[in-house]
Amino acid sequence: MATILQSAVGSEALIHLHGLTREYASRAGAVRALDQVTLTIERGEWVAVMGPSGSGKSTLVNILGCLDQPTHGSVRIAGTDVHQLSRQELDRFRAETIGFIFQQFHLIPYLTALENILLAQYFHSMTDEDEARRALASVGLGDRATHLPSQLSGGEQQRVCIARALINQPPILLADEPTGNLDAANQEIVQEHLRTLHRAGHTIVMVTHDPEMASLADRTVELHHGRIAAERRADLTAQK
Amino acid sequence: MFFRLLLESLFRQRRRKLLAATAILLGTATVTAMLAIGTSVGDKLNHELSSYGANILVTPKADTLDVVVGGVSIRPATAGSYLRESDLTKLKGIFWRNNILNLSPELPLHATLTQAQPSQPATVPALGLWFHHTLHYGTESYAMGAPAMHRWWRLQGAWPADAALDQAAIGSKLAAQMHIAPGDSVALNGEPVRITGIVSSGDATDRTLLLPLALAQKITGQPDAVRRVEVQALTKPEDALARRNPDSLSPALHDRWYCSPYANSIAYQIQEALPNAQAEPIRRITQGEGTILQRISGLMWLVALAALLAASFAVAASMTTAILERKQEIGLMRAMGASQFSVASLFFAETALLSLLSGALGYLLGSLLAARVGWEIFHSTIAFNPVLLPAALGMALLVSIAGGAPSVLRTLGMQPAAVLREDG
């Protein structure tokens, strides 16, 4: 039976997943990574997705990021049923709606910090170097614009990744273990940036294993075996 | 941004790109060389085969007409018909006149040869020829004659002057038999003649007295007469159209046949210019040339195809590795909203740029190779053929795109999410 969770933050649902199932074929038969998940996320909400390995949290984030399609169920993001979009429309939708922050940063190694941000602009619409420089300055890296990723620390690379995710002002930020590869000092810096973004009204969906990171979110969703096993609010105890 | 990405990306993975570029370069160089040789081998072979002498023989038409009465041919064995020497200038007025390289009219006869010192006169075969005759047509003049037609003839001494009625050359065996040396004086039908040279040919000419055509005409009492004419023409190797009967062709095909320098069509035009003449290609040369050329062309195409295939596989192997190494980059671009088309454009533009650079170098290398091969085999260089440049670039593009496309498309088909989650 589907688990239905209602958010208390805001009234307008930015993301609505209903009866979401994702199966993968394997030699042993179909593997169900997500099983009848129903979830609503409001605009401006910060949701942490937790769970053990293989619980389906990455699959959930991939579907939210329009990088994967569910086997069954519907995904509505910002009022759009993404299942109805063609491949080209989905590419466009992803560029305009989603910003990704990766655990491994995924910066293009032969482009400078500034160019990595310009690249996101290029695939979205057109490049604006001043705007890209401002985005870099906003994460405290205004003086590292011409540095290659190999010349930046892990924390700095993750901040470039955050600036890149924000440059096109997407309504949703998807962060996959954003502090997973960082030391304590850099972890604190990235946490602070995420707090700032949340205060500015960004909707953040974050996969994490770290309870401390999860505690920053408005809500924590725990997945087990592809189902939502529990949901906690920052100010409430577990509902299930 | 696109060009920045393109240039930065082009100079990454240098070892793999260099490998792919080398494969394209060698492939296009081989194909360029093969095409350059293949397209000029016909001309080269023609020039080469022209050293083997005439490829068209012109005789009086009356010789070929059998007069049969009651089932018995009554045409005289000696068939005394002649062509007119003065008509030969007309052959320089035909459509393919510039392809007629040499004419060698002949007038055979028998003459009585007596050495200056008292000896028995002998009746010997003689042949009236042009040696270094100048043929005038309009304002142009052409040097023609038997020595240029039979380049394998070896001469000791000098050729007789064409206008001289008291000079002759003699075949080596006849000279040895009659103990005649260059500079000796002999009597020919009672008239004094000086032997200017001894000719060695390896055929019946060795037993023949070679006279200026004018002298032969004087001895036979047939001024302006020629018994047959050997024609050396630059021809196109025989193909299926060349072998067709021109009278059975449609007007369009007939025009094509007529305007192609086949030995057949040149012979046809010679007959038009000399209505009393029968012109026939000497088939052993024209057919052999066609066969040789066909085999050489087949070999060239086979080598070119093998080179292209090898290059294509090498590019495919190199590009597959190069692209798979960058699949996270592709996944990232896709996650940022890049369409499959824009990512594919980037990789194909990079491949195209690499292949065009390598293809241009391959063209240069191939042309140099062709020139070298031309020099080694035909002793004349094969000129750079600019028409082959777009062909070489096109092939380089085709090979690299065909080699790189499967890996690009396969990577584009992968789920960006799956690619991005792999450890870089």
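Whatever comes next refers back to the structure up there.
Residues numbered from 1 in each chain as written. Chains lettered and ligands numbered in written order. Predicted model: local features only at pLDDT ≥ 70, side-chain atom pairs only at ≥ 80, totals over all residues.

> Can you walk me through the overall build of chain B in this structure?
Summing up its helical and strand segments, chain B has 13 helices and 16 strands in all. Relative to its full complement of 424 residues, chain B shows a buried share of 40%. Taking the contacts inside chain B whose residues are at least 6 apart along the sequence as the reference set, 80% of them involve residues at least 24 apart. (Helix = DSSP H or I, 4+ residues; strand = E, 2+ residues; numbered from the N terminus. Buried ≥ 20, exposed ≤ 12 C-beta atoms within 10 Å, placed from the backbone. Contact = placed C-beta atoms within 7 Å.)

> Just to check I follow, could you spell out the overall build of chain A for this structure?
Looking only at helices and strands, chain A has seven helices and 10 strands in total. With 240 residues in all, chain A has 47% of them scored as buried. In chain A, the proportion of contacts linking residues at least 24 apart, taken out of those at least 6 apart, comes to 69%.

> I keep staring at the pairing of strand β8 (residues 140-144) of chain B and nothing clicks. Help me out?
It is a general feature of regular strands that their side chains alternate between the two faces of the sheet. All names here are of chain B. Across five bridges, strand β7 (residues 133-137) lies against β8 in antiparallel orientation. Considered in β8, the bridge of H136 is made with S141. Where β7 folds back onto β8 in an antiparallel hairpin, the turn is made up of two residues, including G138, whose phi is positive at roughly 60°. (Pairing = 2+ DSSP bridges.)

> What am I meant to see in the interface of chain B and chain A here?
Much of the literature gives interface size as the accessible area that the parts lose upon coming together. Every contact between the two is made by 20 residues of chain B and, on the other side, 25 residues of chain A. The set of elements that each furnish at least two residues to the side of chain B that touches chain A consists of α1 (2-10), α10 (327-335) and α13 (416-421) of chain B. Ranked by residues supplied to the side of chain B that touches chain A, first place goes to α10 of chain B with five residues. The residue makeup of the side of chain B that touches chain A, split by class, is nine nonpolar, six polar and five charged. (Nonpolar A, V, L, I, M, F, W, Y, C, P; charged D, E, K, R; others polar.)

> Teacher, can you tell me more about the sheet that holds strand β2 (residues 29-42) of chain A here?
In any sheet, the strands associate via hydrogen bonds between backbone groups, in a parallel or an antiparallel arrangement. Residues and elements named next belong to chain A. The antiparallel open sheet is built from four strands, whose spatial order is β2-β1-β4-β5. Bordering the open sheet on either side are β2 and β5 (80-81), each of which pairs with just one other strand. Of the pairings in the sheet, the one linking strand β1 (residues 13-26) to β2 comprises 10 bridges and is antiparallel in character. Note on β2: the bridge partner recorded for L20 is V37.

> Can you help me understand unusual backbone geometry in this one?
Residues and elements named next belong to chain A. The backbone of C66 sits at a positive phi, close to 60°, despite the residue not being glycine. Among the structural elements, C66 can be located in the loop between α1 (57-64) and β4 (72-77). Despite not being glycine, H225 has its phi angle at roughly 50°, a positive value. Overall, the presence of 14 C-beta atoms within 10 Å leaves H225 in the partly exposed class.

> Quick question: what am I supposed to make of the sheet that holds strand β9 (residues 219-224) of chain A here?
Residue and element names in this part refer to chain A. Taken in spatial order, the six strands line up as β6-β7-β8-β3-β9-β10 in an open sheet, and their pairing is mixed. Both outer strands of the open sheet, β6 (98-101) and β10 (227-233), are each paired with one neighbouring strand and no more. Going across the sheet, the axis of each strand differs from the next one's by a mean of 20°, ignoring polarity. Note that strand β3 (residues 46-50) and strand β8 (residues 203-207) share four bridges and pair parallel. Within β8, the position partnered with A48 by the bridge is M206. (Axes fitted to C-alpha atoms, helices over the stretch in contact; angles between N-to-C directions.)

> Honestly, the nonpolar core in this entry has me stumped. Any pointers?
Generally speaking, a soluble globular protein has its nonpolar side chains buried in company with each other. Counting residues in hydrophobic clusters, the biggest one holds 112 residues, and the most contacted among them are V49 and V205 of chain A. With 13 residues, the single largest contributor to this core is helix α2 (residues 14-50) of chain B. Beyond its immediate stretch of four places on either side in the chain, V49 of chain A contacts K57, L60, V61, V205, M206, V207, V221 and L223 of chain A. Formed by 58 residues, the second largest nonpolar core is a distinct cluster that contains L91, F131, M149 and A242 of chain B. (Core = buried A, V, L, I, M, F, W, Y, C linked by C-beta atoms within 7 Å.)

> Sorry if this is basic, but what is going on with the packing of helix α3 (residues 113-124) of chain A against helix α5 (residues 154-166) of chain A here?
The packing of two helices is summarised by the inter-axis angle and the distance between the axes. Residues and elements named next belong to chain A. Running from N to C, α3 and α5 point in directions that differ by 25°, and their axes come no closer than 8 Å. Relative to α5, the element α3 lies roughly parallel. Relative to α5, α3 is oriented so that their crossing is right-handed. The segment α3 lies against α5, with A113, N116, I117 and A120 engaging V160, A163 and R164. For the contact of α3 with α5, a count of residues per class yields five nonpolar, one polar and one charged. (Parallel < 35°, antiparallel > 145°, perpendicular 65-115°, else oblique. Left-handed = near helix turned anticlockwise from the far one by under 90°.)

> So what exactly am I meant to see when it comes to the pairing of strand β10 (residues 167-171) of chain B here?
Residues and elements named next belong to chain B. Burial within β10 is extensive, with five of its five residues counted as buried. When β10 meets strand β13 (residues 209-212), the two strands line up antiparallel, connected through two bridges. Within β13, the position partnered with I170 by the bridge is L209.

> Any chance you could explain helix α6 (residues 184-199) of chain A here in plain terms?
Owing to its 3.6 residues per turn, the α-helix brings residues three or four apart onto one side. Residues and elements named next belong to chain A. The first and last C-alpha atoms of α6 sit 22 Å apart over 16 residues, in line with the 22 Å expected at 1.5 Å per residue. Where α6 is concerned, the buried positions are Q187, V190, L194 and L197. One face of α6 carries all of its buried residues, which in axial projection span an arc of 85°. Along α6, the residues that are exposed and aim more than 90 degrees away from the buried face are A184, A185, E188, E192 and R199. In the core, the buried residues of α6 are packed alongside α5, β7 (172-176) and β8. Residue G201 follows α6 closely and has a positive phi angle near 100°. (Expected span 1.5 Å × (residues − 1). Arc of directions from axis to C-beta.)

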